[in-house]
Amino acid sequence: YSGTSPQRLHLVDLMSSLKEICAGLPLDPLPPNRGRDPSIPHALVRTPNFTPAEERLALRNALRYFPPNLHATLATEFAQELRQYGHIYMYRFCPTLRMRAYPIDQYPCRTRQAASIMLMIMNNLDPAVAQFPQELVTYGGNGQVFSNWAQFWLVFHYLSTMTEEQTLVMYSGHPLGLFPSLPSSPRCVITNGMVIPNYSSREEYEKMFAMGITMYGQMTAGSYCYIGPQGIVHGTMLTVLNAGRRYLGSGDLRGCVFVTSGLGGMSGAQAKAAVIAGCVGVIAEVDEAPLKKRHEQGWLMEITSDLSHCIQRVRYSMQENIHRNTLKHTDISSTYSIISAICFRECLYQEYKKTGELLVDLGSDQTSLHNPFSGGYYPVQLTFRQANQLMNTDPERFKTLVHESLRRQVAAINKLSDAGMFFWDYGNAFLLEAQRAGAKVEKKGGGATEFKYPSYVQHIMGDIFSLGFGPFRWVCTSGDPADLAETDAIATAVLEEISSTVTERVRQQYSDNIRWICEAGKHKMVVGSQARILYSDQRGRVSIALAINQAIAKGRVSAPVVISRDHHDVSGTDSPFRETSNVYDGSAFCADMAVQNFVGDAFRGATWVALHNGGGVGWGEVMNGGFGLVLDGSEDAGQRAKLMLNWDVSNGVARRCWSGNANAYETIQRTMEDQRQLRVTMPNPVLEDQILDRALLRLP
């Protein structure tokens, strides 16, 4: 390499490292076992409560990935991992190469589709993005990309050799292999947690995951589509803005206070969302690690552990914020704390009783209550360290304390709500777990998905979903910020152009998202890949995708762009306590929509598709489907995007229409007028309830 520049040498070294990762499991020689890296956060210890026979089976299953001559060496360390951490992660095989989304041309692949999947996987495992990177957890405490590191190496080997006539099949983190297919087929088909329904319980999951036979992929972790906290920042911003419109009568939130909980994983977005929405945000957190991370990222402006000081700062910020521009990033837009959510809410109520001044307008909770007994929720009776110890040494006692804490938290929320705070469930299973704990959250005469407080889907975002809006995303595979800036400009121009031809309700959502695009760059939303999210309806998504594809063809965008979405969308997820909680025809617990979405995306052109049991509200509570599609500037890519995105949205709008949602009814009618090949079965409403009463002999 004599005479080669340092930059060129670095690229050669990098390519060599990526090639090594794609060469298959490193077995001769075995890499040294470095164990856990003490400098990064780690997943909590799991407690599968194995019998001796189950423990042997878990160890046997892990050794399947390796030739028999290595079993004696690996069996002992795998057994130690299983007993020490409750799972076999295979730390020995954790790559030393820095995990991040490298530019797409640096991946040694035969197809760009395969390279794009590699890029997305590495982004999910980037330490700046992933919650517990060495345990392959992207977010949510247990949202896995893979179950162990052997799977990572095999997947990258398969992707590097894949042709356009092969499909990689993924069984809950395990690469089943490459199978012959058509160029029009998906390059990867992913399923996670497809457990027989009667065995889809938390207890069974812990055992199955520890055995290495199934996996909780969350929503976008196990489908390789996570883009860092930006996605939930945007969704939370829209939720807070629309909550202001519904509950407070205004989208101008200056001087308003939003109190919530959680700064780890997905919930960490709340702080930044509050700032962009323009309100005062107080986010309670008990774990210093995510709090410090958000502060270092610039997402938190102030930290305090003093309740009195926090109250003072809230009062000051309310007054100051009234006189500031709603979108101005200042040191008083939001206040953040490392105090107990329960203690702070109780303190707010005491302040109200003392002064008559209610220092909170909007309230929620975004702790990981889909995972309440393994680190998703910390009871107020214990310190953080005590809780981590007790959940492993005495799980039943820990569960009892969680339930006591939930009852106390709900009691505080009820008092503040009676005083005038508007509270909603953020789809994190808060009210569901509170009900299971015996807290007073019941709704008299309510259905199976209804509680004293609404979910944010029922009151805030559900009607937006029914208009066809949802979290559309794209990733610039060049890694070049200039490409992201260009795609931002394209998306803004597209939405501005079509805004004049839509209804007022749709125009308001376009306006919110144009506002978001203009602000996102100022607030350093990019963590990991050069990605962007916005909420758009069917017409907007298709128009933006086609415009970006044209820009790639013309060289205005330098490399392919991957489009995807959160599964948390109009048609991607069946979740009776979140996405479909506003479906009232009795079908909220049915999962046809998500499964049909997954299948339909597959044969309409998606580059990869994923179907998960489990998501934001927990294992066994939800089914969701997702996709990734590569735009490379070709005519074929444009046709795929048009066909697939139209289906991806219309599927959900049609289902919501059939359930009786008026917004969805109007939306699908307009879509049928625009698309002559679309024909949807429309519901005929019962106009007089007396007809039902007479038929059921309830009236004379």
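Residues numbered from 1 in each chain as written. Predicted model: local features only at pLDDT ≥ 70, side-chain atom pairs only at ≥ 80, totals over all residues. Heavy atoms only, no water.

So, on to helix α13 (residues 395-419). Look at α13: 36 Å from first C-alpha to last across 25 residues, which is about the 36 Å you get at 1.5 Å a residue. All of the buried residues in α13 are Phe398, Leu401, Val402, His403, Ser405, Leu406, Gln409, Val410, Ala412, Ile413, Asn414 and Leu416. Against the buried residues of α13 lie β6 (257-261), α11 (341-355), α12 (384-393), β11 (422-423) and α14 (430-436). (Helix = DSSP H or I, 4+ residues; strand = E, 2+ residues; numbered from the N terminus. Expected span 1.5 Å × (residues − 1). Buried < 20%, exposed > 50% of the residue type's maximum accessible area, 1.4 Å probe, protein only. Contact = heavy atoms within 4.5 Å.)

This part is about the confidence of the model for the protein chain. Across the protein chain, pLDDT averages 90, with 94% of residues at or above 70. Contacts from residues 1-12, a stretch scored under 50 in pLDDT, to residues over four places away or in other chains number four contacts. (pLDDT = per-residue confidence, 0-100.)

On to the UniProt feature "domain: Urocanase C-terminal" (unreviewed entry) in the protein chain. When the UniProt feature table is mapped onto this chain, "domain: Urocanase C-terminal" (unreviewed entry) is found at residues 463-669. Across residues 463-669, the secondary structure splits into 48% helix and 17% strand, with the terminal C-alpha atoms separated by 16 Å. (UniProt positions renumbered as here; feature names shortened; annotations may be inferred.)

A few words now on the pattern of salt bridges. For the coordinates displayed, the defined rule picks out 31 salt bridges. With a shortest N-O distance of 3.4 Å, Lys292 and Glu288 are connected by a salt bridge. Here the residue Lys292 and the residue Glu288 both occupy positions in helix α9 (residues 288-296), the gap between them amounting to four residues, near one helical turn. When its relative accessible area of 46% is taken as the criterion, Lys292 is described as partly exposed. Salt bridges sharing common partners tie together Arg541, Arg565, Asp569, Asp601 and Asp648. (Salt bridge = Lys/Arg side-chain N within 4 Å of Asp/Glu carboxyl O.)

So, on to the packing of helix α19 (residues 592-603) against helix α20 (residues 635-658). Closest axis-to-axis distance for the α19/α20 pair is 10 Å, and the angle between their directions is 160 degrees. Taken together, α19 and α20 sit at an angle that is classed as roughly antiparallel. Relative to α20, α19 is oriented so that their crossing is right-handed. Along the contact surface, α19 presents Met593, Gln596, Asn597, Gly600 and Asp601, while α20 presents Met644, Trp647, Asp648, Asn651, Gly652, Arg655 and Arg656. (Axes fitted to C-alpha atoms, helices over the stretch in contact; angles between N-to-C directions. Parallel < 35°, antiparallel > 145°, perpendicular 65-115°, else oblique. Left-handed = near helix turned anticlockwise from the far one by under 90°.)

This next bit is on the pairing of strand β7 (residues 280-284). With respect to burial, β7 is a largely interior element, five of its five residues being buried. Side chains of β7 alternate between two faces, with Val280, Val282 and Ala284 and Gly281 and Ile283 buried alike. Examined bridge by bridge, β6 and β7 share five bridges and lie parallel to one another. Each residue of the ladder has a partner; that of Thr260, found in β7, is Ile283. (Pairing = 2+ DSSP bridges.)

Our next topic: unusual backbone geometry. Cis geometry is adopted by the peptide bond preceding Pro29, which originates at Asp28 and carries an omega value of 5 degrees. Along the chain, Pro29 falls in the loop between α1 (6-21) and α2 (52-63). Unlike most non-glycine residues, Asn49 shows phi in positive territory, near 55 degrees. Mapped onto the elements, Asn49 comes out in the loop between α1 and α2.

To continue, consider the domain arrangement of the protein chain. Examined at the domain level, the protein chain breaks down into domain 1 (18-128 + 146-211), domain 2 (229-449) and domain 3 (462-674). In this structure, domain 2 and domain 3 have C-alpha centres spaced 28 Å apart. With 28 residues of domain 2 in contact, the opposing surface of domain 3 contributes 30 residues. Between domain 2 and domain 3 lies a buried interface of about 2,400 Å² when both sides are counted; carbon and sulfur atoms form 60% of it. At the junction of domain 2 and domain 3, the tally comes to two salt bridges. Across the salt bridge formed by Glu621 and Arg436, the nearest N and O atoms sit 2.8 Å from each other. (Domains from an automatic or database assignment. Buried area = accessible area lost by both parts, 1.4 Å probe.)

In this structure, Ile121, Tyr224, Trp474 and Ile563 are the most contacted members of the largest nonpolar core, which totals 147 residues. Discounting residues that sit within four places of it in the chain, Ile121 has contacts with Val145, Phe146, Phe152, Val155, Phe156, Leu159 and Tyr224. (Core = buried A, V, L, I, M, F, W, Y, C linked by side-chain atoms within 4.5 Å.)

Moving on: the pairing of strand β16 (residues 608-613). Counting buried residues along β16, six of its six residues qualify, which places the element largely inside the surrounding structure. Neither face of β16 is exposed, since Trp608, Ala610 and His612 on one face and Val609, Leu611 and Asn613 on the opposite face are all buried. Sheet analysis places strand β5 (residues 188-192) next to β16, joined by five bridges and oriented parallel. Paired with Val189 across the bridge in β16 is Val609.

Closest axis-to-axis distance for the helix α4 (residues 112-124)/helix α5 (residues 149-161) pair is 9 Å, and the angle between their directions is 155 degrees. In terms of orientation, α4 and α5 fall into the roughly antiparallel class. For the pair α4 and α5, the sense of crossing is left-handed. Contacts between α4 and α5 involve Ala114, Ile117, Met118, Ile121 and Met122 on the former and, on the latter, Phe152, Val155, Phe156, Leu159 and Ser160.

To continue, consider empty space enclosed by the protein. Considering all chains together, one arrives at three cavities of 30 Å³ or more under this definition. Roughly 90 Å³ of internal volume is contained in the second largest cavity. Lining the second largest cavity we find 14 residues, and of these Gly231, Ile232, Gly235, Tyr535 and His568 sit closest to its centre. Looking at the lining of the second largest cavity, the elements that each hand over two or more residues are α7 (230-248), β12 (470-476) and β13 (530-536). Counting residues per element, the lining of the second largest cavity draws most heavily on α7, at five residues. For the lining of the second largest cavity, the class distribution of residues is seven nonpolar, five polar and two charged. When residues of the lining of the second largest cavity are assigned to domains, at least three fall in each of domain 2 (229-449) and domain 3 (462-674). (1 Å grid on protein atoms, 1.4 Å probe; cavity = no way out; pocket = protein on both sides within 12 Å on 5 of 7 lines; lining within 4 Å. Points joined across faces, edges and corners; volume = space filled by probe spheres on them. Nonpolar A, V, L, I, M, F, W, Y, C, P; charged D, E, K, R; others polar.)

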